[in-house]
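Single-letter residue listing:
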Amino acid sequence: MNESRPTSMSAFWMPFTNNRDFKANPRLLVSAEGMYYKDVDGNSVLDGTAGLWCVPCGHAQPRITQAVSEMVGQLDFAPTFQMGHPAAFDLAEQLMEYTGHKFGHVFYTNSGSEAVDTALKMALAYHKARGEGGRTRLIGRERGYHGVGFGGLSVGGIGNNRKSFGPLLPGVDHLPHTHNLSKNAFSRGEPDFGAELADELERLVTLHDASTIAAVIIEPVSGSTGVLVPPKGYLKRLREICDKHGILLIFDEVITGFGRLCTPFASDYFGVEPDMMTTAKGLTNGVVPMGAVFSKRFIHDAFMEAPAGIELFHGYTYSGHPLACAASLATLEVFREQGIIENAKSLQPYFEDALHSLRGLPHVIDLRSIGLVAGIELEPIAGKPGARAYSAFKKAFADGILIRVTGDIIALSPPLILNKQHIDELFGKLANILKNLD
């Protein structure tokens with residue numbers, strides 16, 4: 001790969017990026033290994049965000065890169081429409097085992113966005129297959145992020161992601177978000193206040209009638225809007241209400257899946273089982289794009305009762321791509337053999353203490369963490385929302401650490417192979433940045 005600066009950067013329209021600002025002073029990464037990136041000038045950059053929440057096993061993990069290399073030489077592509085290849089079936093069995101057989105089936109996609117749209121379509125089609133085709137309404141949540149497909153945007157609750165694209169899907173409503181600075185600031189783990197907000201689902205049921213509602217989709221922990229941790233008992237209450245009214249509950253675990261909370265999935269951490277679960281990111285350690293929907297057996301079985309033929313008219317050219325399957329199989333092997341989650345769990349208290357050592361620094365109005373993910377909320381500059389955190393992001397990269405910002409919130413989610421020295425470096429540099437931030 002070219003490790004020098006490109007001759008021109010004008011043709012690439014970059015995603016979720018201030019293109020003009022970036023191209024005036026680009027941050028270019030050319031290689032990565034373990035916990036560190038290397039930029040175009042040869043500087044090491046500690047990865048405090050696991051790439052984009054998606055590299056739990058660290059960069060250039062030898063077992064994973066070897067598996068992909070071997071597969072590309074053996075089977076570069078195989079369609080999964082009316083045919084298949086062994087790795088797709090082997091992976092499905094291993095993924096079900098990884099969930100503790102709480103789910104029965106997996107449907108492959110290529111991203112978290114596609115996984116969300118797939119799960120929403122499955123929910124609608126499931127009710128229709130059961131003779132309840134009137135259940136067409138979908139319920140999301142304010143400040144929720146569910147990717148960039150039209151389904152995900154519709155149930156998502158981030159204003160800037162929605163406002164440019166028209167009315168989106170009809171028949172969608174939203175629960176209120178659970179973030180409450182006045183009562184829950186500086187929480188460690190699940191905050192104490194806010195479980196009663198789950199009862200807002202009962203209000204929506206009264207408003208729309210349960211017979212019209214197909215599914216509720218939420219992130220167990222909202223990542224892209226700044227690490228919003230659910231209040232104690234909130235998710236269990238949602239599960240109870242969905243059960244009461246025959247509504248499917250979907251957990252979007254694109255971010256929280258594969259060890260981020262020091263458990264295989266957030267559903268394990270909270271002890272709440274959804275009917276479907278969307279995953280991506282850590283599924284392949286970020287090496288090859290892939291997503292998946294995990295489904296309870298009863299959902300799959302409802303489709304299998306239809307007359308012989310294609311049961312679900314849905315799928316993607318690259319569903320179950322051989323390279324993605326190879327990467328995911330190797331990722332699961334690394335998780336098992338190298339104790340990735342065990343390492344994360346052993347470091348969680350140290351990580352949490354390091355985060356909360358930032359309390360009292362200038363402009364820090366909240367610190368929150370769960371597992372190995374942390375949110376640092378900064379007081380906005382008057383009239384310039386997001387400017388303070390974006391300034392911290394640029395200073396951090398120049399100082400050799402990669403952080404992620406959303407609005408005026410800094411999010412941290414390092415690879416799960418980290419050690420105490422990495423935590424010290426990450427929070428030590430970040431503390432100096434915050435002390436000198438305008």
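Please refer to the structure placed before this passage.
Below or above, wherever it landed, is the structure these notes cover.

1. Description of the environment of Thr 136
Item 1. You can see Thr 136 is positioned in the loop between α5 (112-129) and β5 (137-141).
Item 2. Thr 136 gets classed as partly exposed once you look at its relative accessible area, which sits at 49%.
Item 3. Counting along the chain gives 76 residues from Thr 136 to Thr 212, while the straight-line C-alpha distance between them is 5.8 Å.
Item 4. Apart from residues no more than four positions distant in its own chain, Thr 136 is found in contact with Leu 124, Gly 171, Thr 212 and Ala 214.

2. Quick look at the sheet that holds strand β6 (residues 172-175)
Item 1. One open sheet holds the seven strands; their spatial order is β4-β10-β9-β8-β7-β5-β6, and the pairing between them is mixed. With one partner strand each, in any of the chains shown, β4 (105-109) and β6 form the two edges of the open sheet. The sheet shows a mean angle of 20° between the axes of neighbouring strands, taken without regard to direction.
Item 2. Note that β5 and strand β7 (residues 213-218) share three bridges and pair parallel. Note on β7: the bridge partner recorded for Leu 138 is Ala 215.

3. Notes on the packing of helix α4 (residues 86-98) against helix α13 (residues 322-338)
Think of two packed helices as two axes; the pair is described by the angle between the axes and how far apart they sit.
Item 1. Between α4 and α13, the shortest axis-to-axis distance is 9 Å and the interhelical angle comes to 35°. As α4 runs across α13, the sense of the crossing is left-handed. Between α4 and α13, the residues in contact are Ala 87, Ala 88, Asp 90, Leu 91, Gln 94, Leu 95 and Tyr 98 and Cys 325, Ser 328, Leu 329, Leu 332, Phe 335 and Arg 336, respectively.
Item 2. For the contact of α4 with α13, the class distribution of residues is nine nonpolar, two polar and two charged.

4. Digging into the nonpolar core
The nonpolar side chains of a soluble globular protein tend to be buried, and buried together.
Item 1. Leu 95, Ile 376 and Ile 410 are the most contacted members of the largest nonpolar core, which totals 105 residues.
Item 2. At ten residues, α13 tops the list of elements feeding residues into this core.
Item 3. Beyond its immediate sequence surroundings of up to four residues, Ile 410 is in contact with Ala 374, Gly 375, Ile 376, Leu 378, Ala 392, Ile 403, Arg 404, Val 405, Leu 430 and Leu 434.
Item 4. Counting residues in each nonpolar core, the second largest holds 20 residues, with Val 116, Tyr 126, Ala 214 and Ala 215 among its members.

5. Observations regarding the pattern of salt bridges
Item 1. A complete count under the given rule lists 19 salt bridges for this structure.
Item 2. Asp 21 is paired through a salt bridge with Lys 394; the nearest N and O atoms lie 3.6 Å apart. Of this pair, Asp 21 sits in helix α1 (residues 19-24) while Lys 394 is found in helix α15 (residues 387-398), placing the two residues 373 residues apart along the sequence.
Item 3. What makes Asp 21 partly exposed here is its relative accessible area of 24%.
Item 4. A salt bridge links Arg 188 to Glu 352; the nearest nitrogen and oxygen atoms lie 3.2 Å apart. You can see Arg 188 sitting in the loop between α8 (181-184) and α9 (200-208) and its partner Glu 352 sitting in helix α14 (residues 340-356), a full 164 residues away along the chain.
Item 5. According to the relative accessible area criterion, Glu 352 is buried, its value standing at 14%.
Item 6. Through salt bridges that share partners, Arg 130, Glu 132 and Arg 135 make up one connected network.

6. Some words on the pairing of strand β8 (residues 248-252)
Item 1. With five of its five residues buried, β8 lies for the most part within the structure.
Item 2. Taking every second residue as pointing to the same face, both faces of β8 are buried, with Leu 248, Ile 250 and Asp 252 on one and Leu 249 and Phe 251 on the other.
Item 3. Both β7 and β8 contribute to a ladder of four bridges, which runs parallel. Among the inter-strand pairings, Val 216 is bridged to a residue of β8, identified as Leu 249.
Item 4. Pairing geometry for β8 and strand β9 (residues 276-279), over three bridges, is parallel. For Asp 252, the partnering residue across the bridge sits in β9 and is Thr 278.

7. Focus: helix α10 (residues 234-245)
Item 1. If you check α10, its first and last C-alpha atoms are 17 Å apart, about what twelve residues at 1.5 Å a residue would give, namely 16 Å.
Item 2. Every buried residue belonging to α10 is among Tyr 234, Leu 235, Leu 238, Arg 239, Ile 241, Cys 242 and His 245, and all of these are buried. Projection of α10 onto a plane perpendicular to its axis shows the buried side chains occupying an angular sector of 165°, all on one side. Of the exposed residues in α10, those oriented more than 90 degrees away from the buried face are Asp 243 and Lys 244.
Item 3. Residues of α10 that are buried sit in contact with β5, β6, α9, β7, β8 and α11 (266-270).
Item 4. One or two positions beyond α10, positive phi appears at Gly 246, with a value near 70°.

8. Focus on the packing of aromatic side chains
Item 1. According to the stated counting rule, one finds eleven aromatic pairs in the structure shown.
Item 2. Between Tyr 269 and Phe 270, the ring centres sit 4.9 Å apart and the planes meet at 70°, which makes this aromatic pair edge-to-face.
Item 3. In this structure Phe 270 comes out as buried when scored by relative accessible area, which is 8%.
Item 4. Ring geometry for Phe 351 against Phe 427: centres 5.4 Å apart, planes inclined by 75°, an arrangement best described as edge-to-face. Placement of the pair is Phe 351 in helix α14 and Phe 427 in helix α16 (residues 420-435), with a sequence separation of 76 residues. Summarising the burial analysis for this pair, Phe 351 and Phe 427 share the class buried.
Item 5. Site record: aromatic cluster; members linked through ring pairs are Tyr 98, Phe 103, Phe 258, Phe 265, Phe 294 and Phe 335.
Item 6. The ring centre of Phe 103 lies 5.2 Å from the NZ or CZ of Lys 296, which sits over that ring.
Item 7. A cation sits over an aromatic face here: Arg 359 above Phe 186, 4.0 Å from the ring centre.

Criteria and cut-off values
- Residues numbered from 1 in each chain as written.
- Predicted model: local features only at pLDDT ≥ 70, side-chain atom pairs only at ≥ 80, totals over all residues.
- Heavy atoms only, no water.
- Helix = DSSP H or I, 4+ residues; strand = E, 2+ residues; numbered from the N terminus.
- Buried < 20%, exposed > 50% of the residue type's maximum accessible area, 1.4 Å probe, protein only.
- Contact = heavy atoms within 4.5 Å.
- Pairing = 2+ DSSP bridges.
- Axes fitted to C-alpha atoms, helices over the stretch in contact; angles between N-to-C directions.
- Left-handed = near helix turned anticlockwise from the far one by under 90°.
- Nonpolar A, V, L, I, M, F, W, Y, C, P; charged D, E, K, R; others polar.
- Core = buried A, V, L, I, M, F, W, Y, C linked by side-chain atoms within 4.5 Å.
- Salt bridge = Lys/Arg side-chain N within 4 Å of Asp/Glu carboxyl O.
- Expected span 1.5 Å × (residues − 1).
- Arc of directions from axis to C-beta.
- Phe/Tyr/Trp six-rings, centres within 6.5 Å; stacked < 30°, edge-to-face > 60°.
- Lys NZ or Arg CZ within 6 Å of the ring centre and 35° of its normal.

Any functional reading would require information that these geometric values do not contain.
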